[in-house]
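# An overview of the molecular structure
Okay, here's what each chain looks like letter by letter:
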Amino acid sequence: QQQVKQSPQSLIVQKGGISIINCAYENTAFDYFPWYQQFPGKGPALLIAIRPDVSEKKEGRFTISFNKSAKQFSLHIMDSQPGDSATYFCAASSPNAGKSTFGDGTTLTVKP
Amino acid sequence: EAGVAQSPRYKIIEKRQSVAFWCNPISGHATLYWYQQILGQGPKLLIQFQNNGVVDDSQLPKDRFSAERLKGVDSTLKIQPAKLEDSAVYLCASSLVGGGTEAFFGQGTRLTVV
């Protein structure tokens, strides 16, 4: 059972464009929703995270939008840059479980 | 602050051989995770430690995989015997506490089973 579904699998955008990655979850006990960025040969690194008590969180060019009733959340990357080219994973965790359940990732390519 | 250290970076073994991976988490982090990341997929949790106790090993194939966390600090993950489908990147991560906090990942060990 895949508890976190991520789309699209791959995404190509032009420099300066907006990249949007979507995730949907099933477990209503999840209360922490991080996004991780992974470059080839590296481990995932936390990019931005949100808790369900807010509908949006913005850090620089990165914004998470959260829809609790729809059990969906998305990552928006504004003014996308070639250096943003990486694989992005959404994840979800509950306070008791601790572990994060990851989506299958989105490979983002930003063309100059 | 030093990050999560893992070794080796790469390992190639034949099927039915054994292999071990080592992880040194960030100092002071009580929670340690081992994830398996198969190419094209997201990381999947194998085992979670809180200090030196196991919190979750529900997805660990216990007939071939084992893990321990020595004195609540370093950890080793062992596979014996390895199968072709074990080819993956094995990621170690640590966090201050358990759920709802940032996990810091090491660079991983890329295992190829031939």
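Residues numbered from 1 in each chain as written. Chains lettered and ligands numbered in written order. Predicted model: local features only at pLDDT ≥ 70, side-chain atom pairs only at ≥ 80, totals over all residues. Heavy atoms only, no water.

Within chain A, the secondary structure is distributed over zero helices and eleven strands. For chain A, the N- to C-terminal ordering of α and β elements is β-β-β-β-β-β-β-β-β-β-β. For a compact globule of 112 residues, the expected C-alpha radius of gyration is about 13 Å, and chain A comes in at 13 Å, within 12% of that figure. In terms of its C-alpha atoms, chain A occupies a principal-axis envelope of roughly 45 × 30 × 20 Å. Looking at the 112 residues of chain A, the share that counts as buried comes to 46%. Taken as a whole, chain A presents about 5,400 Å² of accessible surface, with 48% of it coming from carbon and sulfur. Computing the positive centroid from 11 side-chain charges and the negative centroid from 8, chain A places the two 3 Å apart. (Helix = DSSP H or I, 4+ residues; strand = E, 2+ residues; numbered from the N terminus. Rg over C-alpha atoms; globule rule 2.2 N^0.38 Å. Buried < 20%, exposed > 50% of the residue type's maximum accessible area, 1.4 Å probe, protein only. Areas by Shrake-Rupley, 256 points an atom, 1.4 Å probe, with all protein chains shown as cover. Lys, Arg positive; Asp, Glu negative; His and termini not counted. Charge placed at Lys NZ, Arg CZ, Asp CG, Glu CD.)

A few words now on unusual backbone geometry. A negative phi angle characterises most non-glycine residues, just as the trans form characterises most peptide bonds. Residue serine 7 of chain A is joined to proline 8 of chain A through a cis peptide bond whose omega torsion reads -5 degrees. Looking at where proline 8 of chain A falls in the secondary structure, it is placed in the loop between β1 (4-7) and β2 (10-14). At the junction of glutamine 80 of chain B and proline 81 of chain B, the peptide bond is cis and its omega measures out at -5 degrees in the coordinates. Here proline 81 of chain B shows up in the loop between β8 (75-79) and β9 (88-95). Although it is not a glycine, arginine 16 of chain B adopts a positive phi angle of roughly 80 degrees. Turning to its location among the elements, arginine 16 of chain B is positioned in the loop between β2 (10-13) and β3 (19-24). In this structure arginine 16 of chain B comes out as exposed when scored by relative accessible area, which is 63%. One non-glycine residue, asparagine 51 of chain B, lies in positive phi territory at about 55 degrees.

If you look at the interface, chain A gives 20 residues, while chain B gives 23 residues. Between chain A and chain B, the buried area comes to about 1,500 Å², and carbon and sulfur atoms account for 48% of it. When the buried area of chain A at its contact with chain B is split by residue, Pro44, Lys99 and Phe102 of chain A rank highest and sum to 31% of it. Summed over the shared surface of chain A and chain B, the number is zero salt bridges. Seen at the junction of chain A and chain B, the total is six residue pairs in polar contact (both at pLDDT 80 or more). Residue assignment for the side of chain A that touches chain B shows that the elements contributing at least two residues are β4 (33-38), β9 (86-93) and β10 (100-102) of chain A. Residue composition of the side of chain A that touches chain B, grouped by class: eight nonpolar, eight polar and four charged. (Contact = heavy atoms within 4.5 Å. Buried area = accessible area lost by both parts, 1.4 Å probe. Salt bridge = Lys/Arg side-chain N within 4 Å of Asp/Glu carboxyl O. Polar contact = N/O pair within 3.5 Å; in protein donor to acceptor, adjacent residues only side chain to side chain. Nonpolar A, V, L, I, M, F, W, Y, C, P; charged D, E, K, R; others polar.)

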